Amino acid sequence: MSWSDRQRRMLAAMGVRLWSPAAAAPPAVAAAAVAEAAAETAVAERAAEAPAMPLAAQERPAVPAPVATPVRAPAPVAPPARTPAPAPVPARPVTSIAAAAQSVQDTLADPLLAERAAHIATLAWGPLHDAVAACTACGLCATRRQTVFGVGHARADWMIVGEAPGEQEDQQGEPFVGPAGQLLDQMLRAVGQSRRAESGEGREDDQAGDPSRRVFIANTLKCRPPRNRNPEPDELARCEPFLKRQLALVQPKLILVMGRFAVKQLLQSDEAIGKLRGRVHRYEGIPVVVTYHPAYLLRNMPDKAKAWEDLCLAKATADAL
Ligand code: SF4
């Protein structure tokens, strides 16, 4: 029912409020409202079904648009701290045969040294021992604890020539001590030779026993080079008269040379021991057999078999004389 304006005014004066439905919306607008309400309902349902978004993600602030960062010129890179250059290490002198030979020539050319060598060549055992103990002919006298003269029978059939004293030899004053010396003693015992003989009640007597079963052991150098460095040609040349005199006094039937520098000194050869071993050489007419130094054998056990062959060659050579 609809009311006229006049009726409305009368009813309002009577205090009666009239209800009237809202004006009906046009059909198209109503349909859009229904569709929008359905869409909102669907979104709400999907949101309810969707897994909860991590809080951090929910609270993540909007990412601001990237702002172009001005290209900054690279900071100058400081040059790496310069490591102080290591102190130059003096090159280890290479003792070539040519250098050694030249050194011997120089030594012989020096009248004082030639006179010294000639004097040493006349010494008997006692004065020779004293001359070695007091020697200051090369710089090694400044660093040695003591000289290492040699040990064994003064007329032994075998003479063993080694290189230079090591630390233990320098301490004890005897060549071939310590593990290398023990190995040498074992090797010598295996072919019936010994550096010492025992007489009486275990008393050691270097001149006792059969000289054919004894050895005399000496080194080419009588003083230890510092830190066991290689001997220098001048040192070898200045010490050589002592070894020559020992060889002349012992007059061995056989010389067994052990180690590179001993081989160079006696045979004047630059060849490797591996090439020189296995045959008999000569030093002033005396047979010479070359073999490895026991200190080397301790580090290279497979070569012990070769050293054993060398000892057998030495024994066969000495027995045949
Ligand atoms: S190494 Fe020989 S020459 Fe040199 S100081 Fe010793 S004993 Fe003398």
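1. Some details on the confidence of the model for the protein
Low pLDDT means the predicted atomic positions in that stretch should not be read closely.
For step 1, the next point in the chain: Here the protein averages 77 in pLDDT, while 64% of its residues score no lower than 70.
For step 2, the next point in the chain: When pLDDT is averaged over each helix and strand of the protein, the minimum, 35, is found for helix α3 (residues 55–59) and the maximum, 98, for strand β8 (residues 286–291).
For step 3, the next point in the chain: pLDDT under 50 marks residues 21–95. Its contacts with residues more than four places away, or in other chains, come to 13 contacts.
For step 4, the next point in the chain: Every residue in residues 200–204 is under pLDDT 50, and counting partners more than four places away or in other chains gives 3 contacts.

2. Considering the nonpolar core
For step 1, the next point in the chain: In terms of nonpolar packing, the biggest core is built from 51 residues, with M159, I160, V161, V215, I255, L256 and V257 touching the most fellow members.
For step 2, the next point in the chain: The biggest single contributor to this core is helix α9 (residues 233–250), with 6 residues.

3. Here's the deal with the site of the ligand
For step 1, the next point in the chain: Around the ligand there are 14 residues in total, and C135, C138, K222, C223 and C239 lie nearest to it.
For step 2, the next point in the chain: Considering each element in turn, the shell around the ligand owes the most residues, 3 residues, to α9.
For step 3, the next point in the chain: A per-class count over the shell around the ligand returns 9 nonpolar, 2 polar and 3 charged.

4. Focus on unusual backbone geometry
For step 1, the next point in the chain: The backbone of Q251 sits at a positive phi, close to 50 degrees, despite the residue not being glycine.
For step 2, the next point in the chain: Secondary-structure assignment places Q251 in the loop between α9 and β6 (254–258).
For step 3, the next point in the chain: If you check the backbone angles, Q268 has positive phi at about 50 degrees while not being a glycine.

5. A few points about helix α8 (residues 178–190)
For step 1, the next point in the chain: Its 13 residues give α8 an end-to-end C-alpha distance of 19 Å, which sits within 8% of 18 Å, the value for a rise of 1.5 Å per residue.
For step 2, the next point in the chain: Once α8 ends, the next one or two residues include G192, with phi positive near 80 degrees.

6. Comments concerning the environment of A197
For step 1, the next point in the chain: On the secondary structure map, A197 appears in the loop between α8 and β3 (198–199).
For step 2, the next point in the chain: Overall, A197 belongs to the partly exposed group, with 18 C-beta atoms counted inside 10 Å.
For step 3, the next point in the chain: Placed 45 residues apart in sequence, A197 and G152 show a C-alpha to C-alpha distance of 8.8 Å.

7. A short note on the packing of helix α5 (residues 111–120) against α9
A pair of packed helices is characterised by two quantities: the angle between their axes and the separation of those axes.
For step 1, the next point in the chain: Here α5 crosses α9 at 20 degrees, and the two axes come no closer than 9 Å. Between α5 and α9, the angle falls in the class roughly parallel. Both α5 and α9 take part in a crossing whose hand is right-handed. Where α5 approaches α9, its residues R116, A117 and I120 are matched on the opposing element by P241, F242 and R245.
For step 2, the next point in the chain: For the contact of α5 with α9, a count of residues per class yields 4 nonpolar, no polar and 2 charged.

8. A few points about helix α10 (residues 260–267)
For step 1, the next point in the chain: In terms of burial, α10 is a largely internal element, 7 of the 8 residues being buried.
For step 2, the next point in the chain: Backbone geometry just downstream of α10 places Q268 in the positive-phi region, at approximately 50 degrees.

9. A short note on the pairing of β6
For step 1, the next point in the chain: Burial of β6 is extensive: 5 of the 5 residues sit out of reach of the surface.
For step 2, the next point in the chain: Judged by which residues are buried, β6 turns out to be covered on both faces: L254, L256 and M258 on one side and I255 and V257 on the other are all buried.
For step 3, the next point in the chain: Across 4 bridges, β6 lies against β8 in parallel orientation. Of the residues in β8, the one forming a bridge with V257 is V290.

10. Overview of the pairing of strand β2 (residues 158–162)
For step 1, the next point in the chain: Within β2, 5 of the 5 residues are buried, which leaves it mostly tucked inside the rest of the structure.
For step 2, the next point in the chain: For β2 and strand β5 (residues 215–219), the ladder comprises 5 bridges, and the chain directions are parallel. Among the inter-strand pairings, G162 is bridged to a residue of β5, identified as N219.
For step 3, the next point in the chain: Sheet topology note: the β2/β6 ladder contains 4 bridges and is parallel. What sits directly across from I160, in β6, is L256.

11. Observations concerning the environment of T317
For step 1, the next point in the chain: As for its position among the elements, T317 is in helix α13 (residues 304–319).
For step 2, the next point in the chain: T317 sits 28 residues away from V289 along the chain, and the two C-alpha atoms are 8.9 Å apart.
For step 3, the next point in the chain: Not counting residues up to four positions away in its chain, the partners in contact with T317 are L254, V280, P287 and V289.

Thresholds, definitions, all that
- Residues numbered from 1 in each chain as written.
- Predicted model: local features only at pLDDT ≥ 70, side-chain atom pairs only at ≥ 80, totals over all residues.
- pLDDT = per-residue confidence, 0-100.
- Helix = DSSP H or I, 4+ residues; strand = E, 2+ residues; numbered from the N terminus.
- Contact = placed C-beta atoms within 7 Å.
- Core = buried A, V, L, I, M, F, W, Y, C linked by C-beta atoms within 7 Å.
- Buried ≥ 20, exposed ≤ 12 C-beta atoms within 10 Å, placed from the backbone.
- Near = placed C-beta within 6 Å.
- Nonpolar A, V, L, I, M, F, W, Y, C, P; charged D, E, K, R; others polar.
- Expected span 1.5 Å × (residues − 1).
- Axes fitted to C-alpha atoms, helices over the stretch in contact; angles between N-to-C directions.
- Parallel < 35°, antiparallel > 145°, perpendicular 65-115°, else oblique.
- Left-handed = near helix turned anticlockwise from the far one by under 90°.
- Pairing = 2+ DSSP bridges.

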